[in-house]
Amino acid sequence: MRAFSHKKFLLLATVAALVPQAAAAEAADTADAADSRDTEIVVTAQKRAQSLQDVPIAITALDEKQLEMRGIRTIEDLQYSTPGLTMSANTLNNSRLILRGVGAENPVIGGDPGVSLNMDGHYLQAGSFLTRDLFDIERIEVLRGPQGTLYGRNAVGGAVNIITKKPSDVFEGSVSLTLGNYDKRLFQAAVGGPISDRLRFRIALSNEKRDGYITNIVTGRDLNDSDYTSIRGALSVDLSERLQINVSGFYYHDDSTSATLSPQAPYTWSPLIYALYPAAATTVNPSIADGQVVAFNIDPTKEDVTYGFFADTSWDLGFATLKSITGYSNNSLKNLDFDLDLSPLNIAEQDITLDFETLTQELQLASNGNGPLSWVGGLFYYRENSQYTLPVLFNYLGLIIPNGQILTFGPNVFDSSSYAAYGQADYYLTDKLQVVAGARYTYDKKRLEEDTFAPGLGL
């Protein structure tokens, strides 16, 4: 079965908004005035370096010091310091970001999140690795509301921008080892500095191992453990005083069982299950009495591998800066095997393979100078080639589906392409009064090929 989708979208964000600058700065969430009273936070939410107090949008910005003080080590931790933001990792270990009640789950291919996740200016369709580790980060910016006239990838709910530390002209490094209960060992190290007058580098590494704190009383294995490695590397080269190239890459490997489902309610079997499998009538969910135990007839497993690279070129033209922003990422989730009925009964289990492959290319032109008029415009291209396979093994349902029958959904193949043009202009009528206008055009094309195989049912 094939499904096609075409979508054209024109946004005229003629935000003929007259924004009193002082009031806007006060209204914007400044991440905690007490923490930043003596430190100016510079943000790039509007595609140019600005003081947080001068940005007339609803934004929360946290620099490295504030992230450390608040113990923010993952995107999930960020929600406790950001009003209106909720986040959690779903069964497929993808992030669910919701801002002001707006957002969308993106558990499988083809789903566009309502709140976009960006790293160093690059849109990430699958950012599961950021749910585990935020190390060597310069700052995080959370923007509330639609983001269409300043960003290549449109988002209706908002955007979370993660800015990593860049290579600098000063040699520096750090090493830390964290020990904790459940035999936790977290090793983190970062080093960077100049290689020559025009070439700089930076490398960051995180590795964590920790025993699980939820026990599967059927198999005796501890679940919800941690076993991941994350590494990033970056090179920055000055070809001239006006031309700079930044190249970076990342790799992430996670064998944790962190996506374990821990039901806290009684099993709700249908009358059909009771009829076909009488043992269901006496099965009690142990999680009701103890939230740190589960009873699954199989242990959940997972292998999450993500890698990618970014290549950015910045050319100062004098009146404006021209940027080429290129990104590629590949996220592969293999052997996601878990007990579909979430019980000690051998009724059904599921094994998922999921692959995201995305390519983005953006050309951006932003004005320079400190005059009353500032503007930014860009062209954006997005391509996604993804697929997933979802086999479900059924047992003890012989009256409906043969025992041991595997019903396979997939391989389902998804192709998506998106083209966009966007722009925004800001004009200060006075020192405290600003007019903002923007526009966007988007064309999306999506194609999905679906297959289902069930030999025992003649499919």
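Description of the structure in this document. (Residues numbered from 1 in each chain as written. Predicted model: local features only at pLDDT ≥ 70, side-chain atom pairs only at ≥ 80, totals over all residues. Heavy atoms only, no water.)

**A closer look at the sheet that holds strand β20 (residues 293-294)**
Reasoning step 1: The strand order across the open sheet built from 3 strands is β17-β16-β20, with neighbouring strands paired in mixed fashion. Of all the strands in the sheet, just β17 (222-223) and β20 have a single pairing partner and so form its edges.
Reasoning step 2: By the bridge criterion, 2 bridges tie strand β16 (residues 214-216) to β17 in an arrangement that is antiparallel. Note on β17: the bridge partner recorded for isoleucine 214 is leucine 223. (Pairing = 2+ DSSP bridges. Helix = DSSP H or I, 4+ residues; strand = E, 2+ residues; numbered from the N terminus.)

**Observations regarding the pattern of salt bridges**
Reasoning step 1: Within this structure, the stated rule accounts for 19 salt bridges.
Reasoning step 2: We note a salt bridge from aspartate 112 to arginine 153, for which the minimum N-O separation is 3.2 Å. Placement of aspartate 112 in the loop between β8 (102-103) and β9 (115-119) and of arginine 153 in the loop between β11 (137-144) and β12 (158-164) is noted, with a sequence separation of 41 residues between them.
Reasoning step 3: Look at arginine 153 and you get buried, because its relative accessible area is 9%.
Reasoning step 4: Glutamate 449 is the partner of arginine 447 in a salt bridge, and the nearest nitrogen-oxygen pair spans 3.8 Å.
Reasoning step 5: Classification of arginine 447 by relative accessible area gives partly exposed; the value is 29%.
Reasoning step 6: One continuous salt-bridge network, built from bridges that share partners, spans Asp112, Arg153, Asp444 and Lys446. (Salt bridge = Lys/Arg side-chain N within 4 Å of Asp/Glu carboxyl O. Buried < 20%, exposed > 50% of the residue type's maximum accessible area, 1.4 Å probe, protein only.)

**Some points on the packing of aromatic side chains**
Reasoning step 1: What the rule picks out here adds up to 8 aromatic pairs.
Reasoning step 2: Note on tyrosine 228 and tyrosine 252: the rings are 6.0 Å apart at their centroids and 40° apart in plane angle, and the pair reads as tilted. Taken together, the residues span a long stretch of sequence, with tyrosine 228 in strand β18 (residues 226-238) and tyrosine 252 in strand β19 (residues 243-254) at a distance of 24 residues.
Reasoning step 3: The class of tyrosine 228 is buried, set by a relative accessible area of 3%.
Reasoning step 4: Cation over ring: lysine 47 sits above tyrosine 151, and NZ or CZ is 4.0 Å from the ring centre.
Reasoning step 5: Over the face of the ring belonging to tyrosine 382 we find arginine 153, whose NZ or CZ atom lies 4.2 Å from the ring centre. (Phe/Tyr/Trp six-rings, centres within 6.5 Å; stacked < 30°, edge-to-face > 60°. Lys NZ or Arg CZ within 6 Å of the ring centre and 35° of its normal.)

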